[in-house]
Amino acid sequence: MIDEAVQPLLDGFVASVREVAAVEAIWLHGSLALGDYQLRRSDLDVVAVVSSPPTPAVAELHQELMRSDPLAAKLHCSYMLRSQLADPSVRHPTFAQGRYFDRPVTPVTRRELAIGNRTLFGPAPAGLLPPTSDEELLAFIRRDLREFWLPATRKRSNWYADIWVDLSLLTIARAHVTLATGDLITKRAAFDVLPRLGAPADVVEDIRRRRYGPAFRTGPWWRHTRAGLTRRFVRTAIPAVLSSR
């Protein structure tokens, strides 16, 4: 069930984007599709399937939505050409974090789309999107940990930002479960996994409270301490997760 505060935004987006793009389907993924959405904290993750490349009017639409509704700042949408749905390496036009850029729709996102099967317009994901094999999913997760997250620990400055702390720990916990079982878990479920991986308890609680309740620490001292704890954990946890069976 979609939060009643979010439904008008999504309805307005569907109606508006169909006026400026050749939309064939619009799907939900991420927290909103998997039942872990937190109002004003979670992103609104959307994929639009289009029959022709989007024009600059699409970016203008997103900007207009953000001016009229603060929640729209968290509405992230990738625009996938229907003719390219089968190729996970293609980088699709995406509006996210207030800007327009190209990125792939990853095997994790594709599996989320299949599991959630949540449609705002047009055919469901199961009717259009080719299935993602377990081999593709696991290979992507290993590569993401090895080639993105592990090298990121070489740079200290990233780890002072909330988003790097949150995503790194939750990604590692979710990757651990998927590599071990093949299942995708929500961010909420990842909090139960992190202690078993040796994640620093204070950092885990910091993430939990910022996602599900009021934050309990602020200030430069905590950010500095948290950055060091997180960076050290990521550097040791990733090799352990990659080597586990």
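About the thresholds
- Residues numbered from 1 in each chain as written.
- Predicted model: local features only at pLDDT ≥ 70, side-chain atom pairs only at ≥ 80, totals over all residues.
- Heavy atoms only, no water.
- Buried < 20%, exposed > 50% of the residue type's maximum accessible area, 1.4 Å probe, protein only.
- Helix = DSSP H or I, 4+ residues; strand = E, 2+ residues; numbered from the N terminus.
- Pairing = 2+ DSSP bridges.
- Right-handed = clockwise from strand over helix to strand, strands pointing away.
- Axes fitted to C-alpha atoms, helices over the stretch in contact; angles between N-to-C directions.
- Parallel < 35°, antiparallel > 145°, perpendicular 65-115°, else oblique.
- Left-handed = near helix turned anticlockwise from the far one by under 90°.
- Contact = heavy atoms within 4.5 Å.
- Nonpolar A, V, L, I, M, F, W, Y, C, P; charged D, E, K, R; others polar.

Draft legend 1. Up close: the pairing of strand β2 (residues 44-50). Where burial is concerned, most of β2 is hidden: 7 out of the 7 residues are buried. Side chains of β2 alternate between two faces, with Leu44, Val46, Ala48 and Val50 and Asp45, Val47 and Val49 buried alike. Sheet topology places strand β1 (residues 23-29) next to β2; 6 bridges connect them, and they run antiparallel. Opposite Ile26, over in β2, you have Ala48 as the bridge partner. The pairing of β2 with strand β3 (residues 75-81) spans 7 bridges and is parallel. Counterpart to Val49 in the pairing with β3 is Met80. Crossover connection from β2 via helix α3 (residues 56-68) to parallel β3: handedness right-handed.

Draft legend 2. Region of interest: the packing of helix α1 (residues 7-20) against α3. Orientation of α1 relative to α3, taken along the N-to-C sense of each, is 155°, at an axis distance of 10 Å. The orientation of α1 relative to α3 falls into the category roughly antiparallel. Considering the relative orientation of α1 and α3, their crossing is right-handed. Contacts between α1 and α3 involve Leu9, Phe13, Ser16, Val17 and Val20 from the former and Ala57, Val58, Leu61, His62 and Leu65 from the latter. Its residues assigned to classes, the contact of α1 with α3 shows 8 nonpolar, 2 polar and no charged.

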